[in-house]
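Tertiary structure, described
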Amino acid sequence: MQKSRTTGRDMSAQDAVAVLDRLRTRAPRVHCITNAVAQNFTANALLAIGAVPSMTLAAEEIGAFVARAQGLLVNLGTLDRERRDATAIAVQSAAAHHVPWVLDPVFVDRSELRAAYARDLIGQGPRALRINRAEFAALSGGEPDSLAISTYARGRNLVVGLSGETDLVADGERLVSIANGHPLMAKVTAMGCAASAIVAACLGVEDDAFRATAAALTIVGVAGEMASETARGPGSFAVAILDALHNLDGPRLMSHAKVN
Amino acid sequence: MQKSRTTGRDMSAQDAVAVLDRLRTRAPRVHCITNAVAQNFTANALLAIGAVPSMTLAAEEIGAFVARAQGLLVNLGTLDRERRDATAIAVQSAAAHHVPWVLDPVFVDRSELRAAYARDLIGQGPRALRINRAEFAALSGGEPDSLAISTYARGRNLVVGLSGETDLVADGERLVSIANGHPLMAKVTAMGCAASAIVAACLGVEDDAFRATAAALTIVGVAGEMASETARGPGSFAVAILDALHNLDGPRLMSHAKVN
Amino acid sequence: MQKSRTTGRDMSAQDAVAVLDRLRTRAPRVHCITNAVAQNFTANALLAIGAVPSMTLAAEEIGAFVARAQGLLVNLGTLDRERRDATAIAVQSAAAHHVPWVLDPVFVDRSELRAAYARDLIGQGPRALRINRAEFAALSGGEPDSLAISTYARGRNLVVGLSGETDLVADGERLVSIANGHPLMAKVTAMGCAASAIVAACLGVEDDAFRATAAALTIVGVAGEMASETARGPGSFAVAILDALHNLDGPRLMSHAKVN
């Protein structure tokens, strides 16, 4: 595993800038299994950051789409039969073609069925798990703190990206906290799903999943802060964060990132 | 049934303010069965007004989501098998757990199949029916006027919220007209569905379904007027009404409501 | 077939203005088979230009919706069983009731299954094919240039609307290029689908499918330029183009159209 370039830290703002630059130059294809609530905003967030989204769920073709993608998002937003079938095929195709994927176990705190399904998927090799505090508590049975996510990550050989007022990213050896973001992010549906999709995009251009996940959450958090400068509420915030993802550049990311 | 607090009226602006305050403090969970066209905007409208949306349609889990919700929306926007199965389970769960629900019988004027299905659902105990004039005419076979909706509401033991240039709300004993709103509301898809979802949110914090429905339509109408102040067309209007739902407070609602 | 009114050209800006006027006065109903990513934006684009969208996919009712529509869009954005069944019924209903339809063969360059399905649909009588360069190359096996699309259109008795930096429209006898539009259009998901839906709306008010297709692409391109005047990125661009479609009038269309 690569070490971070800055002394005394597992991740630096420069690392996030490097990932952002690669998103823009490589335009990774990201296939998304997500719910209808989130599809449009997620696709637009991916386009804004420089990635190329696809969203088909059809069993006949999803394997081919995943095979040609550089990253995959599996979001449990709607747990219907069609999406579970699509997920089974997609995860298999991702493994066969070495496409990294991220799991977003939405609402596992609301339904034991979802939690069981999420645990099963975690056994199938996601590179990253993007999750909020209530969901992590439901899934792991423990407190959503640094130690717990590090232990969880180490045990399952994945990266945990825990969102909250301060985001935490852990892979079992390394840990970083990201103190960016804005409260209006919680008032826009699919914001978390879009963040997870950007994790998938970053996994497509950065082999180190810890760094990719931390870069993604830093990018989204800084874009949220930029959006808050002009937003007059959650409607204009959702619009402004797409503009911010598009307009975000290295110097701005560098100067605004609060990565520790 | 409670009587309105203001003399000579069945509903006052103060009643709407009281409901708005409770939306903000209680953050009711609202489960929505709606079509993919409407899901994102509806979820964002609920978040903006202070409610917590969920949208899953999966037969395996929708009963559990409804059981934990404070309000349920059933919207007929897409009449597929999945949604009809979900609706049957959701309505049963709502009855078992005393969760109030609102029916939005979209496009019953376009398809006799939908009208028959809507009539069947109306027999299963919705607390409110939010409907436009063409849909009411198709469903009831009569004119969409005060007398007809009062008679219809009384006969079916529900509240009718009839949207139009002036909204009318009736429960068979009481009647109120709400002269808020803006023509651009008709140029944004899912605006009616979002209004119905806000009715469901209000039902979750106000036991009197008449007052809840009237409060919801007043809130949406006033938010529409606020949005029109900055909107430059239907695109920016859809954004601005989400901001307005978020920013709406008691004094503004009080001074703008045209409730009679 | 009607001849264009301006000398030496197959299509003029005046033709587009005439189609726009008819959209506003006739408010054509447009039924759309499209994916969940695109449904909301497509519906809002149709409302903004003056048309009336419907989107149901249910096998039991889609035939009735198409029968009462003036135009139909078939978009291959998600190739699931439900949409293929819906498409079979819709295309049959369109033929029976003389409802013109447009095919948008999304992502045929990504999946041979889609390409085969699209070819089958092209044999069933669409009046227009709206397609980008990569998709046309995949479908036809040839270069996406004027000659190729003219030959393709003539052989299949339809109009090809090829989008790109400059759009080209051909019916085998006539050809027009439209040099409107803006790069941000490629950064908003469902922009192409919305354009195709507006082609369907124009087919509903203009019998000459060549002129209808060219008018639609001119309207969308000019609206895109208007949107770019205020947009600060893809988020605000998507909002602004809906405003622009709503605010576009004859004089503005006339003065901005770059039709040759």
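Everything that follows concerns the structure shown earlier in this document.
None of these values were measured; they are calculated from a predicted model.

Parameters and conventions
- Residues numbered from 1 in each chain as written.
- Chains lettered and ligands numbered in written order.
- Predicted model: local features only at pLDDT ≥ 70, side-chain atom pairs only at ≥ 80, totals over all residues.
- Heavy atoms only, no water.
- Salt bridge = Lys/Arg side-chain N within 4 Å of Asp/Glu carboxyl O.
- Helix = DSSP H or I, 4+ residues; strand = E, 2+ residues; numbered from the N terminus.
- Buried < 20%, exposed > 50% of the residue type's maximum accessible area, 1.4 Å probe, protein only.
- Contact = heavy atoms within 4.5 Å.
- Buried area = accessible area lost by both parts, 1.4 Å probe.
- Polar contact = N/O pair within 3.5 Å; in protein donor to acceptor, adjacent residues only side chain to side chain.
- Nonpolar A, V, L, I, M, F, W, Y, C, P; charged D, E, K, R; others polar.
- Phe/Tyr/Trp six-rings, centres within 6.5 Å; stacked < 30°, edge-to-face > 60°.
- Lys NZ or Arg CZ within 6 Å of the ring centre and 35° of its normal.
- Pairing = 2+ DSSP bridges.
- Axes fitted to C-alpha atoms, helices over the stretch in contact; angles between N-to-C directions.

Let us look at the pattern of salt bridges. All chains considered together, the criterion is met by 34 salt bridges over all chains. Here Arg-130 of chain A and Asp-104 of chain A are joined by a salt bridge, their closest N and O atoms 3.4 Å apart. Of this pair, Arg-130 of chain A sits in strand β5 (residues 128-132) while Asp-104 of chain A sits in strand β4 (residues 101-104), placing them 26 residues apart in sequence. With respect to burial, Arg-130 of chain A and Asp-104 of chain A carry one shared label: buried. Here Glu-206 of chain B makes a salt bridge to Arg-22 of chain B, at a shortest N to O gap of 3.2 Å.

Quick look at the interface of chain A and chain C now. In this assembly, 27 residues from chain A lie in contact with 25 residues from chain C. Here chain A meets chain C over a buried area of about 2,000 Å², counting both sides, of which 56% is carbon and sulfur. Counting the contacts that link chain A with chain C gives 2 salt bridges. Note that Arg-84 of chain C and Glu-60 of chain A form a salt bridge whose closest N and O atoms lie 2.7 Å from each other. Scanning the region where chain A abuts chain C turns up 11 residue pairs in polar contact (both at pLDDT 80 or more). At 7 residues, the largest contribution of residues to the side of chain A that touches chain C is made by helix α2 (residues 36-49) of chain A. Along the lines of polarity and charge, the residues of the side of chain A that touches chain C split into 12 nonpolar, 9 polar and 6 charged.

Counted by the stated rule, this structure contains 6 aromatic pairs over all chains. With a centroid separation of 5.3 Å and 75 degrees between ring planes, the pair formed by Phe-136 of chain A and Tyr-152 of chain A is classed as edge-to-face. With Phe-136 of chain A in helix α6 (residues 133-140) and Tyr-152 of chain A in helix α7 (residues 146-156), the pair connects residues that are 16 residues apart, well separated along the chain. Geometrically, the ring pair formed by Phe-107 of chain B and Phe-65 of chain C is edge-to-face, given 5.5 Å between the ring centres and 65 degrees between the ring planes. Of the two residues, Phe-107 of chain B sits in the loop between β4 (101-104) and α5 (112-122) while Phe-65 of chain C sits in helix α3 (residues 62-67), which places them in two different chains. Above the face of the Tyr-152 of chain B ring, Arg-156 of chain B is positioned so that its terminal group lies 3.7 Å from the ring centre.

The next thing to look at is the sheet that holds strand β4 (residues 101-104) of chain C. Residues and elements named next belong to chain C. What the 8 strands build is an open sheet, ordered β2-β1-β3-β4-β5-β6-β7-β8; its pairing is mixed. Either end of the sheet is taken by a strand with one partner, and the two such strands are β2 (52-54) and β8 (175-178). Strand-to-strand twist in this sheet, taken as the mean axis angle between neighbours without regard to direction, amounts to 20 degrees. Contacting β1 (29-33), β3 (71-75) and β4, helix α4 (residues 81-96) runs over the sheet at an angle of about 150 degrees to β3.

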